[in-house]
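# Understanding the architecture of this molecule
The chain contents come next:
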Amino acid sequence: MSKLVTIYGGSGFVGRYIARRLANQGWRVRVAVRRPNEAMHVKPYGAVGQVEPVLCNVRDNASVAAAMQGADAVVNCVGVLNERGKNGFDAVQADGAGRIARLAAEHGVTRMVHISAIGADAASNSDYSRTKGEGEAAVLLHIPDAIVLRPSVIFGAEDEFFNRFAGMARISPVLPIVGAETLFQPVFVDDVANAATKAVLGEAEPGIYELGGPEVASFRALMTRMLEVIHRRRVIIGMPFWVAGIMASVLDIAKFVSFQLFPNNILTRDQVKNLRRDNVVSEGAKCFDDLKITPVAMGSILPDYLWKFRPSGQYDEIQRSASNLRG
């Protein structure tokens, strides 16, 4: 019988790519999510019954344990970029990761892959980075041979980075950004999935790997690149950190006093803290080279999904070519 892997958060941005790759390797894939009915898009990744969404909440012991029954390996992709209700940083990224690892160890599952993030640090003043660091520590406490993957900002068709700012550029003449000179090393989502798949298959040594693409660029440079791809001219405004801090504080307070009726999906104080730090692979860290993976460059991927933000969408290139001919 083929082996079984449980992927917590397997219908999300990164998880779905891991599910597809492991299904292609012949594994049975159990996708553990809070809303299985909204995860049906993963079922066609394999043969009938090979990829199945199941109900699970990483804040609940029983559902986490049930989801890993009979599993040969587990992958944790659960994380939050913005706290909402009970799904806070501590509950999901620290306690949730630790719960999955502890129960995996109790059930005899010795192979675990944990998706973290560059900048994870239990001593960080950012709650996001702190809980990422605490989650890593909890995973390695229960499963010392676990493999931890720390990607930089991830790009791909469903990303919340380039898509978000391209959407803003479509309706606004200016593009305000915080941390304009902060460095990033964007990594393609399927390269991260490839690394996770190698880890599940036993083709990677235990430890922590930092995953970055072949290009390091400032936030401003990345926005310039994105604007070139979507054929738009916009003024990029680098917002000073002190101004961003005031703005984020007001938005966070509005979220609090409204009892989260008005969630802050624009800019939080915690995000401002993270944007002060470069998000690149550390010198000497294990990386794609150690996994024998050559990461894909942004230039070969961005046009494939950002075309919809161009002035004429899919017809923009044709119109530009026609204009050149008329000229």
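Here the structure is shown first, and the text comes after it.
Thresholds, definitions, all that
- Residues numbered from 1 in each chain as written.
- Predicted model: local features only at pLDDT ≥ 70, side-chain atom pairs only at ≥ 80, totals over all residues.
- Heavy atoms only, no water.
- Helix = DSSP H or I, 4+ residues; strand = E, 2+ residues; numbered from the N terminus.
- Rg over C-alpha atoms; globule rule 2.2 N^0.38 Å.
- Buried < 20%, exposed > 50% of the residue type's maximum accessible area, 1.4 Å probe, protein only.
- Contact = heavy atoms within 4.5 Å.
- Areas by Shrake-Rupley, 256 points an atom, 1.4 Å probe, with all protein chains shown as cover.
- Pairing = 2+ DSSP bridges.
- Axes fitted to C-alpha atoms, helices over the stretch in contact; angles between N-to-C directions.
- Disulfide = S-S within 2.5 Å.
- Left-handed = near helix turned anticlockwise from the far one by under 90°.
- Parallel < 35°, antiparallel > 145°, perpendicular 65-115°, else oblique.
- Nonpolar A, V, L, I, M, F, W, Y, C, P; charged D, E, K, R; others polar.
- Salt bridge = Lys/Arg side-chain N within 4 Å of Asp/Glu carboxyl O.
- Core = buried A, V, L, I, M, F, W, Y, C linked by side-chain atoms within 4.5 Å.

### Concerning the overall build of the protein
Assigned secondary structure in the protein consists of 12 helices and 13 strands. Relative to the 2.2 N^0.38 estimate, which gives 20 Å for 327 residues, the radius of gyration of the protein is 20 Å and therefore close to what a compact globule would have. The dimensions of the protein, computed from C-alpha atoms along their principal axes, are 65 × 50 × 40 Å. Counting all 327 residues of the protein, 51% fall into the buried class. Sequence separation of 24 or more characterises 75% of the internal contacts of the protein that already satisfy a separation of 6 or more. Only carbon and sulfur atoms are counted for the fraction: they give 54% of the accessible area of the protein, which is about 15,500 Å².

### What about the sheet that holds strand E1 (residues 4–8)?
Strand order across the open sheet formed by seven strands is E3-E2-E1-E4-E5-E6-E11, with parallel pairing between neighbours. Of all the strands in the sheet, the pair left with one neighbour each is strand E3 (51–55) and strand E11 (207–211). Sheet twist, expressed as the average angle between the axes of neighbouring strands with direction ignored, equals 20°. Here strand E2 (residues 28–33) pairs with E3 via five bridges, running parallel. Looking at the pairing, Val33 lines up with Leu55 of E3. Lying on the sheet, helix H4 (residues 127–142) is in contact with strand E5 (111–115), strand E6 (147–151) and E11; it crosses E5 at an angle near 175°.

### A look at the state of the cysteines
If you walk through the whole model with that rule in mind, you get zero disulfides. Free cysteine: Cys56, not disulfide-bonded; nearest cysteine sulfur from Cys77 at 12 Å.

### Considering the side chain of Thr268
Following the sequence through the fold, Thr268 ends up in the loop between helix H8 (241–257) and helix H9 (269–274). Relative accessible area serves as the criterion here: at 9%, Thr268 is assigned to the buried category. Non-local contacts of Thr268, meaning those with residues more than four positions away in its chain, are made with Asn82, Ala248 and Asp252.

### Brief notes about the packing of helix H5 (residues 162–171) against helix H7 (residues 219–229)
Packing of H5 against H7 leaves a shortest axis separation of 10 Å and a crossing angle of 65°. Remark: the crossing between H5 and H7 carries right-handed chirality. On the side of H5, the interface is formed by Phe162, Phe165, Ala166 and Ala169, while H7 contributes Phe219, Leu222, Met223, Met226 and Leu227.

### Notes on the environment of Ala137
Locating Ala137 in the fold gives a position in helix H4. For the pair Ala137 and Glu106, spaced 31 residues apart in sequence, the C-alpha to C-alpha distance is 17 Å.

### What to know about the packing of helix H3 (residues 89–106) against H4
At a minimum axis distance of 8 Å, the contact between H3 and H4 shows a crossing angle of 10°. Judged on the interaxial angle alone, H4 and H3 are roughly parallel. Where H3 approaches H4, its residues Phe89, Asp90, Gln93, Ala94, Ala97, Gly98, Ala101, Arg102 and Ala105 are matched on the opposing element by Asp127, Tyr128, Arg130, Thr131, Lys132, Glu134, Gly135, Ala138, Val139 and His142. In the contact of H3 with H4, the residues fall into eight nonpolar, five polar and six charged.

### Digging into the pattern of salt bridges
For the structure on display, the rule yields 13 salt bridges. The residue Arg16 makes a salt bridge to Glu158 at a minimum N-O spacing of 3.9 Å. Taken together, the positions of Arg16 in helix H1 (residues 15–24) and Glu158 in the loop between strand E7 (154–155) and H5 put the pair 142 residues apart, joining distant regions of the chain. According to the relative accessible area criterion, Glu158 is partly exposed, its value standing at 32%. One salt bridge connects Arg102 with Glu106, and the closest N-O pair in it is separated by 3.5 Å. With Arg102 and Glu106 both in helix H3, this residue pair falls four residues apart, about one helical turn. A relative accessible area of 28% places Arg102 in the partly exposed class. With a relative accessible area of 55%, Glu106 lands in the exposed category. A single network of salt bridges, built from pairs that share partners, joins Asp90, Asp127, Arg130 and Glu134.

### Re the nonpolar core
Residues Ile18, Phe162, Met223, Met226 and Leu306 are the most contacted members of the largest nonpolar core, which totals 72 residues. It is helix H6 (residues 189–200) that contributes the most residues to this core, seven residues altogether. Discounting chain neighbours no more than four positions away, the residues touching Met226 are Phe162, Phe165, Ala166, Leu175 and Leu306. Counting residues in each nonpolar core, the second largest holds 27 residues, with Ala71, Ala97, Leu103 and Ala117 among its members.

### Considering the environment of Asp316
On the secondary structure map, Asp316 appears in helix H12 (residues 316–326). When its relative accessible area of 5% is taken as the criterion, Asp316 is described as buried. Among residues more than four places away in sequence, those in contact with Asp316 are His231, Arg310 and Pro311.

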